Amino acid sequence: MAKTIVVVGLGMVGIAFIEKLLNLDEEKRYRLVTCGEESHLAYNRVALTDYFQHRSVEKLYLNDVQWYAKQDPDRFLFHIGEQVTSLDPIAHSVTTSKGRTITYDHCVLATGSESVLPPYIPPERAEKTKGVFVYRNISDLDKILAYSEEEGIRGGRTVVVGGGLLGLEAAKALFDLNTISHVSIINRQAYPLSRQLDNEGGEIVLRRIEAMGVQVLTKTTVKDITTSPSGVFTGLTLNDDSHLPSSMVIFAIGITPRDDLARKAGLKCHAKAGILVDDSLKTSVEDVWAIGECASWKGNTYGLIAPGSKSYFYTFLVLRFGTEMKGWVVEMADILAFNFTQVQTDVGGFSPRQMNMPDLSTKLKLMGVDVASFGDYFADKLSNGSTRKVGMPKVEVVAPTSNELNGQDTRPKKLVWEVKVDDIVTGSGSASGETIGVKVEIPKASEKAAGHAHSAKKRALEGPVECLTYRDPFSFVYKKYIFTADGKYLLGGMMVGDTSDYVKLVSLVKKKKPIEAPPSEFIVGSRKGEDDGGDLDDDTQNVTKGSIVNCVKGGVENINDLKAKTKVGTGCGGCMPLVTNIFKAELKKAGVTVTNNICAHFAMSRQELFGVVKIRKLKTFTQIMEAVGANGESVGCELCKPVIGGILRSRRRVSQIECHQGSILSSLFNEPVMDPAHHANQDTNDRFLANIQRNGTFSVVPRIAAGEITPDKLIRLGQVAQKYKLYTKITGGQRIDLFGAQKQDLPDIWEELIEAGFESGHAYGKALRTVKSCVGSTWCRYGIGDSVGMAIYLEERYKGIRSPHKIKGGVSGCVRECAEAQSKDFGLIATDKGWNIFLAGNGGANPRHATLFATDVPPSKVVSILDRFLMYYIQTADKLMRTARWVEQFDGGIERLKKILLDDELGICSELEKEMNDLVGTYTDEWRGVLQDPLRRKQFRQFVNTDERRPQIEQIKERGQERPADWPKQFPAAKIRLSTIHTPKSQWKWRRLATVQDLMPSQAGTTSVAAKYGDSQLAIFHVAKKGYYATQQMCPHKRAFVLDHGIVGDDPSGNLYISCPLHKRNFRLTDGECLNDDDYSILAFDVKEESHNLFVLLPDSDELDAIIGTSKWMVRRATAEVVDRGGGDGIEIAGMIDSEKQQDKPSSGCASQSCGSNLVLDW
């Protein structure tokens, strides 16, 4: 049964709490009842000045009447024009002015405050005197407007007593009234806004106000008011006994908490005023809480117009000041609603929020003047009013002792001096008059060094300061920024006239991180030179930016030709995003039209194709090619096949039960990836549900959500690794990687892991990899949020979804950030207010720090934001584009994404959430799907014609584990041709190597298998509508026996080829020529089908083994040594090698004659 919460007061704070709790209470644990003494619904009291213009209270309503009407009465009841008159903590009930008694489980007091009048005007006198007003609520404004229209008052003078924020706002409102002819402000300080500005800044504001025609009496106080015999206000008696005549006066000198209800009920209150609350906002009475201006926390009360920082789930109060501000009292409403609903949720627990000292930074517009103050804007003043010591710190350089060097080695070493700053520690910012000493030590990963960094930062923040000021009286601009004496930290500042840098500077102060730019740039700006870009290094290819520029000048206009020309991207491929950007930029410079087409087969981008496939409901690659491909008969390529496969996967249908594909098809229609129609669309990793390694074996990575694992599971992983002789390593994503699994062993390994409670970790796919976490509040003494619980929830939710590129997440339980969440595609960091969400970070070759996307998000609201982000990324990103590059290239950048995904500017958020729910709702384990289907399991044989196993690379033992022997730094080129076989092709024989069923041929795609013939390995391919083909299994680029794992494609000329899965060398199926690297070629063979059997035309096995035998080409321990010391820079097996070519070849350096000229290669 829902518990009842009675909210006493329907003002801004009361409705803020109600809205927040209704939004967060997704489990409907609470029922809300509120009473408001005013006859109006909750309105924006800090925007009262607008009421002078439109005179409509409805326009100030924080929620319109319809909002109240559509609320579920079982969750929210409200009563207006009804005041709570008594509170009974023992009976847990309240009584109203209408005699209504309401029982509660929890009572929240939000009674607010009332305006203060000076001592010389007691309430009784103010009530009897006509023309004396305060500026507090709608009733006050109605009285002011009515009085200003009266005969004898209209056109008269009005005086505002108070030169603070509220006083200036009231003065501006009266100045704009046509019934008031003259406005005066009385301020006891030398300038207005003395709590926000110093003398120079206040003087600028003063001059602007006076330039408007408003009289400002500074250093002036009021002794008393004067009235006529009939009790009508006539003026003020000032401190010099002079008389200031006036028709009306408005006092804006402060507020006092309304605590009378609490005092009557026996709640403890502050001696001056305010209901005492603890850090959780609990009063002295059980189950009674107080929020807003009525609450006294640590002896202080806070008003509505004291601003705070932006939070995701409370819309800012847009003031008449023309700025976005959130009252600190509204922060109290956030805290209490959070603690009622978010401490325990389905996505993990969270530490209860507590009150912290407020940030009093302010940005507003008063009397037409932009004014801002931020941080410790009076840091150059001590609390007693004296000036804080200003000066540069003394730096003491201390040489390291021998014990501080590595080990006991006392030999002279080159020392690197560095001051390390701990970004996590928060300085108190308290004033100190002492000169600081900074100890500079040689960097070392020890607590001692960290302690010195901590101390250096703390002393810098508390030590002497320096101020940078800028004053332009002609433009009414003033700026003062306060820095630590070393210029490394910004402490605070103030701005008048130009506040454009406010948001950036507030962020710098809050984070307390060292600033990277010289302090002068904050005033005069920076000078940025043109960035020409740097050299680009790619693996062993050493390709520079200049090489790319020259290729464009030479007429190269597509990426494939660039790869063939320069070998760029043919190593690890990690440079390709940068290469693509440089290449496109140079094409634009050359006047070449740059397209974002997927490849030559599809004249459209991934996003455009996604839309076409979705709308037209195209479900197979063949259908898509026939419908929108450049040539409907094409078989595609290694670029478009994985992209299309994945699009169909990242949009699952609820009616489907499986999801096993790569990109577009996987996103949409969710059909099994192992089906022949889809299997050919996948890269090798997705085809075999494991990561292919350089020796042709695979790595197996079971899911270990958030890195949490039981001892029993750890033991089982060790047993499986021992049984199958797997190399084990803990990954950076908190998982355990099992390397060296033979393809034919994969199903057996999966079966044992599944029995132990594991499932696929999808380390092989363009999918969610991991959600890394620290231990958070589970164990850590600093933990605020349950980072483990949240990370497990997110990993379980998003596991298996396919996307344009891999996705990684991270969850840190506090700002110490041990999970490195800010380097992930999505990351969460717990604060005392909720989760900060960071998006679009990544490591790798081109790292990017994630961008703060939403702050202080309640745990129960995190998932909806991530759902929108990930689904929008899946639908709109280009092929192989990480979230970082997507955000960088997104039109409008991260700010535009905020409007789309947070503010729902396009109206698509609910649809994105629904689509993600459909996508994650049909997850099944891909490993288990193979085990349940004998035909799929059959696809994991090494050879289709024998159960014999053949190692691909010699194994060596290192640090107690086996691993493949090293590759040379670079293999020599190798062209292998049929002409080297002495027996004429006419004498070759048809050898039965497979059956048609072994290949599972399909008219919807291509299939392939490997077969063993003697010591040679062959790859056999079936291409729909084109027939069967065969080649050697080994790719000569890295001597890898993997070609049957590659993708079959064709080029615009119709040349069929097999693309090596390791480094994308493309070999033509008809003759073995490499289409994108002239240094290589392979053998190709004829294939025929008879009686459901497949025959390959081959010479005798001994003769073929001498050319492509496994034992002749297998990389061994000595291979790298032989090649690296000059064992031939090129190998051409083509019968008789031209004598002139042979003379040009350098000596191989081999002990035998098997490298270089000899036809038998024996490494």
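Model, not experiment: these values are computed from the prediction.

### A few points about the overall build of the protein
Secondary structure assignment for the protein yields 35 helices and 57 strands. For the protein, buried positions account for 55% of its 1163 residues. Total accessible area on the protein is roughly 49700 Å²; 48% of this is exposed by carbon and sulfur atoms.

### Observations concerning the nonpolar core
F17, L87, L109 and I291 are the most contacted members of the largest nonpolar core, which totals 101 residues. Each residue touching L109, except ones within four places of it in the same chain, is listed here: V8, L87, L261, A262, L267, I275, V288, W289, A290, I291 and C294. Counting 80 residues, the second-largest nonpolar core is a separate cluster that includes V635, V700, L753 and V1009.

### Considering the pairing of strand 36 (residues 768-773)
Across the 6 residues that make up strand 36, a large majority, 6, are buried. Bridge count for strand 36 against strand 37 (residues 807-812) is 4 bridges, and the pairing is parallel. Note on strand 37: the bridge partner recorded for K772 is G810. Crossover handedness for the path strand 36 to helix 24 (residues 787-798) to strand 37: left-handed.

### Thoughts on helix 27 (residues 893-901)
Residues of helix 27 that are buried: G893, I894, L897, I900 and L901. Each buried residue of helix 27 lies within a common arc of 115 degrees when the element is viewed along its axis, so the set occupies one face. Close packing links the buried residues of helix 27 with strand 40 (851-857), helix 25 (859-876), helix 26 (883-889) and helix 28 (909-920).

### Let's talk about the packing of helix 25 against helix 28
For any two helices packed against each other, the geometry comes down to the angle between their axes and how far apart the axes lie. For the pair helix 25 and helix 28, interaxial distance at closest approach is 8 Å and the crossing angle is 85 degrees. Judged on the interaxial angle alone, helix 28 and helix 25 are roughly perpendicular. Contacts from S864, D867, R868, L870, M871, Y872, I874 and Q875 in helix 25 reach C909, L912, E913, E915, M916, N917 and L919 in helix 28. By residue class, the composition of the contact of helix 25 with helix 28 is 8 nonpolar, 3 polar and 4 charged.

### Here's the deal with the sheet that holds strand 38 (residues 826-831)
The sheet built from 5 strands is open, its strands ordered 36-37-38-39-40 with mixed pairing. Each of the sheet's edge strands pairs with one partner strand only, and the pair in question is strand 36 and strand 40. For this sheet the average axis-to-axis angle between neighbouring strands, irrespective of direction, equals 15 degrees. When strand 39 (residues 834-839) meets strand 40, the two strands line up antiparallel, connected through 4 bridges. For W835, the partnering residue across the bridge sits in strand 40 and is V857.

### Describing the packing of aromatic side chains
In this structure the tally under the stated criterion is 30 aromatic pairs. Judged by centre distance (5.1 Å) and plane angle (65 degrees), the ring pair of Y377 and F378 falls under edge-to-face. Their ring planes at 75 degrees and their centres at 5.6 Å tell us that F688 and F940 sit as a pair that is edge-to-face. On the criterion of sequence distance, the pair formed by F688 in helix 21 (residues 684-688) and F940 in the loop between helix 30 (934-938) and strand 41 (955-958) is long-range, its members being 252 residues apart. Every member of this aromatic cluster is reached through a ring pair, and the members are F688, F698, W750, W927 and F940. A cation over a ring is seen here: R353 above F338, with NZ or CZ 5.5 Å from the ring centre. Over the face of the ring belonging to Y782 we find R816, whose NZ or CZ atom lies 3.6 Å from the ring centre.

### Re the environment of A850
Locating A850 in the fold gives a position in the loop between strand 39 and strand 40. Residue classification places A850 among the buried residues on the basis of a relative accessible area of 6%. Considering only alpha carbons, one finds A850 and F826, 24 residues apart in sequence, at a separation of 7.7 Å. Setting aside anything within four residues of it in sequence, one finds A850 in contact with Q822, K824, F838, L839, A840 and G841.

### Focus: helix 5 (residues 138-148)
Given 3.6 residues per helical turn, the α-helix brings residues three or four places apart onto the same face. Residues I138, D140, L141, I144, L145, Y147 and S148 constitute the buried set of helix 5. Turning to helix 5, the residues buried within the fold contact helix 2 (51-54), strand 9 (132-134), helix 6 (165-175), strand 11 (180-186) and strand 16 (248-251). You can read the cap of helix 5 off the contacts: a side-chain oxygen lies 3.1 Å from the backbone nitrogen of S139, and it is on N137.

### What to know about the pairing of strand 46 (residues 1016-1023)
Of all 8 residues in strand 46, 8 are buried; the element is thus mostly enclosed. The two faces of strand 46 match: S1016, L1018, I1020 and H1022 on one face and Q1017, A1019, F1021 and V1023 on the other face are all buried. As judged from the 8 bridges shared by strand 45 (residues 1006-1013) and strand 46, these two strands associate in the antiparallel manner. In the sheet register, K1012 faces strand 46, and the bridge partner there is Q1017. Between strand 45 and strand 46, which pair antiparallel in sequence order, lie 2 residues; one of them, G1014, sits at a positive phi of approximately 65 degrees. Sheet topology places strand 46 next to strand 47 (residues 1027-1032); 6 bridges connect them, and they run antiparallel. Following the sheet pairing, L1018 is matched in strand 47 by Q1032. In this structure, the hairpin formed by strand 46 and strand 47 is closed by a connection of 3 residues, where K1025 is found at a positive phi of approximately 70 degrees.

### Considering the confidence of the model for the protein
Counting all residues, the mean pLDDT for the protein is 82, and 82% of those residues have values of 70 or more. The lowest-confidence element of the protein is strand 21 (residues 317-318), averaging 30 in pLDDT; the highest-confidence one is strand 7 (residues 106-109), averaging 98. Here residues 383-387 is modelled with pLDDT under 50, and outside its nearest four sequence neighbours on either side it reaches 5 contacts, counting other chains as well. In the model, residues 651-662 has pLDDT below 50 throughout and makes 71 contacts with residues more than four positions away in sequence or in other chains.

### Some thoughts on the packing of helix 24 against helix 25
It is at 12 Å that the axes of helix 24 and helix 25 come closest, and there the two elements cross at 35 degrees. Judged by the sense of rotation from one axis to the other, the crossing of helix 24 with helix 25 is right-handed. Here M790, Y793, L794, R797 and Y798 of helix 24 come into contact with helix 25, specifically with P859, V862, V863, L866, D867 and L870. Considering only residue class, the contact of helix 24 with helix 25 consists of 9 nonpolar, no polar and 2 charged.

### Digging into the pattern of salt bridges
Evaluation of the coordinates by the stated rule reveals 55 salt bridges. The residue K861 makes a salt bridge to E26 at a minimum N-O spacing of 3.1 Å. Of this pair, K861 sits in helix 25 while E26 is found in the loop between helix 1 (12-24) and strand 2 (30-36), placing the two residues 835 residues apart along the sequence. Exposure remark for K861: the relative accessible area of 10% places this residue in the buried category. Note on E26: relative accessible area 48%, which makes it partly exposed.

### Description of the side chain of D825
Residue placement: D825 occurs in the loop between strand 37 and strand 38. Those residues within four positions of D825 in sequence are excluded, and the remaining contacts are K806, I807, K808, F838, L839, A840, G841, F869, R882 and T883.

### Some remarks on the sheet that holds strand 33 (residues 698-700)
Two strands in a sheet stick together by hydrogen bonds in their backbones, pointing the same way (parallel) or opposite ways (antiparallel). Sheet architecture is open: 4 strands sit in the order 32-33-35-34, paired in antiparallel fashion. The open sheet is flanked by strand 32 (691-692) and strand 34 (727-730), the only strands paired with a single partner. In terms of strand pairing, strand 32 meets strand 33 through 2 bridges, oriented antiparallel. Bridging from a neighbouring strand, N691 pairs with S699 of strand 33. In the packing of helix 23 (residues 746-755) onto the sheet, the strands contacted are strand 33 and strand 35 (736-741), and the crossing angle to strand 33 comes to about 5 degrees.

### Considering the state of the cysteines
Overall, the coordinates contain 0 disulfides when judged by the stated rule. Free of any disulfide, C35 has its nearest cysteine sulfur in C107, 9.9 Å distant.

### With respect to unusual backbone geometry
Phi angles above zero are rare outside glycine, and Q734 is one such case at about 65 degrees. Of note, Q734 is situated in the loop between strand 34 and strand 35.

### Concerning the environment of L41
Mapped onto the elements, L41 comes out in the loop between strand 2 and helix 2. When its relative accessible area of 8% is taken as the criterion, L41 is described as buried. The sequence separation of L41 and F78 amounts to 37 residues, and the corresponding C-alpha distance is 9.4 Å. Not counting chain neighbours up to four residues away, the residues in contact with L41 comprise Y61, V65, Y68, F78 and I80.

Rules used throughout
Residues numbered from 1 in each chain as written. Predicted model: local features only at pLDDT ≥ 70, side-chain atom pairs only at ≥ 80, totals over all residues. Heavy atoms only, no water. Helix = DSSP H or I, 4+ residues; strand = E, 2+ residues; numbered from the N terminus. Buried < 20%, exposed > 50% of the residue type's maximum accessible area, 1.4 Å probe, protein only. Areas by Shrake-Rupley, 256 points an atom, 1.4 Å probe, with all protein chains shown as cover. Core = buried A, V, L, I, M, F, W, Y, C linked by side-chain atoms within 4.5 Å. Contact = heavy atoms within 4.5 Å. Pairing = 2+ DSSP bridges. Right-handed = clockwise from strand over helix to strand, strands pointing away. Arc of directions from axis to C-beta. Axes fitted to C-alpha atoms, helices over the stretch in contact; angles between N-to-C directions. Parallel < 35°, antiparallel > 145°, perpendicular 65-115°, else oblique. Nonpolar A, V, L, I, M, F, W, Y, C, P; charged D, E, K, R; others polar. Phe/Tyr/Trp six-rings, centres within 6.5 Å; stacked < 30°, edge-to-face > 60°. Lys NZ or Arg CZ within 6 Å of the ring centre and 35° of its normal. Polar contact = N/O pair within 3.5 Å; in protein donor to acceptor, adjacent residues only side chain to side chain. pLDDT = per-residue confidence, 0-100. Left-handed = near helix turned anticlockwise from the far one by under 90°. Salt bridge = Lys/Arg side-chain N within 4 Å of Asp/Glu carboxyl O. Disulfide = S-S within 2.5 Å.

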